[in-house]
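Coordinate inspection notes
Each chain is listed here by its residues.
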Amino acid sequence: MRSYPARFLISFLLLLSVPLANAGARPSVVFLSPDDSRFWQLVAGFMEAVAEDLEVDLEVQYDRESHRFSYLRMAKDVLAREEKPDYLLFMCKENVTESMLRLADGAGVKAFTFNTDVPDGARARIGTPRTVLSGWLGHLSPDNIAAGRTLVTLLGKQAEQSGLASGPSIPMVALSGTRDSSAGKDRDGGMLAAAVQQRSQLLQLVYANWSGELAREKTEVLLERYPETVSIWSASDGMALGAIEAARHAGRIPGLDLLVGSVDWQPEALDKIRSGELLVSLGRHFMGGGLALLLLHDYHHGRDFGDMSPDYVFRYKLEPATRDNVEWVQRIMDPKNWSAIDFRRFSRVGETETGKTVPDSDAVLDAITGALAGQRADTVARRE
């Protein structure tokens, strides 16, 4: 007789503990967007497409103040409602993540966190999902450390191939977001480690608060201070676009005598990749909210995700968009394609191909991106 690891037995028992009443009920989810930037509008738009197919009642709220305390206030307002949602979905922020999770747990609303890592202080006190707080169902985030490292590697390789790395090192400047952003910290950490291990020489790291305008101003100063700069590492596309503008103003030619790389897969950045001004953008994390909804949908209908990750923490890789694959990426980003496939195909509830396997988060995102890009017609379910 085949024996099963203990974690699969635990997952099976957890499945039995999910109320059967959930099977016929539409889950209600409130997503708290940390701001109303282009990136978060993409996140919300993709979530809405997923929610429609999965029959999830989704409400999106944007924090237009873009501050951790206004974000906390939004959570308090939702949790104080007479009719509360089944689930609260939000991004981790420094100094408020623990409070938001404790408030949700106390209100009887299950929570799921995503996009950025749980801050160190909160992790030290509340551990991982379902340990201290049973209502904290799971956490999902991209591997931002690996992203920061990959960006340095790709910039360095292109500098060597294009003949810009003529000396013993590759002079590089870096643009980060804010000091209290866990995503920014992780991307910075990966960048710093890679710069030490590789030929890249970090001349200076500056914080531009995720602002394209501030990045433009700071890049003008950096290029005047360090005219030998070969590459610009940027923690976001928005800041990279500002840096490209500053470089042109300084008489540099992005893509020829200066290389710029960034993160986010924003449509404007993809246009710059197509024109050659931006070397690379790492992305697909705009789909993180949609994947979180998929997990919550399956949980709500009796298919818990503990067998996909024993500690209920999911991490996935960001993928590079370059001139070689930018058309493929732009198809993934096209909202028309979001509505052209049926996201129920990627659910583990019911008779689906996904339901017959135990995938990890990368495998699910790979399947979704393949379908969106039209790479595998057999995974695309066109609406009647």
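Before going into details, it helps to say that this report is about the structure given with it.

Rules and cut-offs
- Residues numbered from 1 in each chain as written.
- Predicted model: local features only at pLDDT ≥ 70, side-chain atom pairs only at ≥ 80, totals over all residues.
- Heavy atoms only, no water.
- 1 Å grid on protein atoms, 1.4 Å probe; cavity = no way out; pocket = protein on both sides within 12 Å on 5 of 7 lines; lining within 4 Å.
- Points joined across faces, edges and corners; volume = space filled by probe spheres on them.
- Helix = DSSP H or I, 4+ residues; strand = E, 2+ residues; numbered from the N terminus.
- Nonpolar A, V, L, I, M, F, W, Y, C, P; charged D, E, K, R; others polar.
- Phe/Tyr/Trp six-rings, centres within 6.5 Å; stacked < 30°, edge-to-face > 60°.
- Lys NZ or Arg CZ within 6 Å of the ring centre and 35° of its normal.
- Salt bridge = Lys/Arg side-chain N within 4 Å of Asp/Glu carboxyl O.
- Buried < 20%, exposed > 50% of the residue type's maximum accessible area, 1.4 Å probe, protein only.

**A short note on the layout of surface pockets**
- Here the largest pocket defines a volume of roughly 740 Å³.
- Lining the largest pocket are 29 residues; nearest its centre among them are Asp-35, Trp-40, Met-91, Ser-181 and Trp-210.
- Those elements that place two or more of their residues in the lining of the largest pocket are helix H2 (38-54) and helix H7 (182-197).
- Looking at the lining of the largest pocket, its residues break down into eight nonpolar, 13 polar and eight charged.

**Things to note about the packing of aromatic side chains**
- Taken as a whole and judged by the stated rule, the model has 14 aromatic pairs.
- With 5.4 Å between their ring centres and 90° between their planes, Phe-46 and Trp-338 make a pair best called edge-to-face. Note that Phe-46 is positioned in helix H2 and Trp-338 in helix H13 (residues 335-338), a separation of 292 residues in sequence.
- Sitting over the ring of Tyr-312, Arg-130 keeps its end group 3.8 Å from the ring centre.

**Observations concerning the pattern of salt bridges**
- One pass over the full model with this rule turns up 21 salt bridges.
- Between Arg-26 and Asp-57 there is a salt bridge whose closest N-O contact spans 2.9 Å. A residue pair is termed long-range when its members are at least 10 positions apart, and Arg-26 in the loop between helix H1 (6-17) and strand S1 (28-33) and Asp-57 in strand S2 (residues 57-62) qualify at 31 residues.
- Residue classification places Arg-26 among the partly exposed positions, given a relative accessible area of 44%.
- The shortest N-O distance in the salt bridge between Arg-216 and Glu-213 comes to 2.4 Å. Residue Arg-216 and its partner Glu-213 are located together in helix H8 (residues 212-225), separated by three residues, close to a single helical turn.

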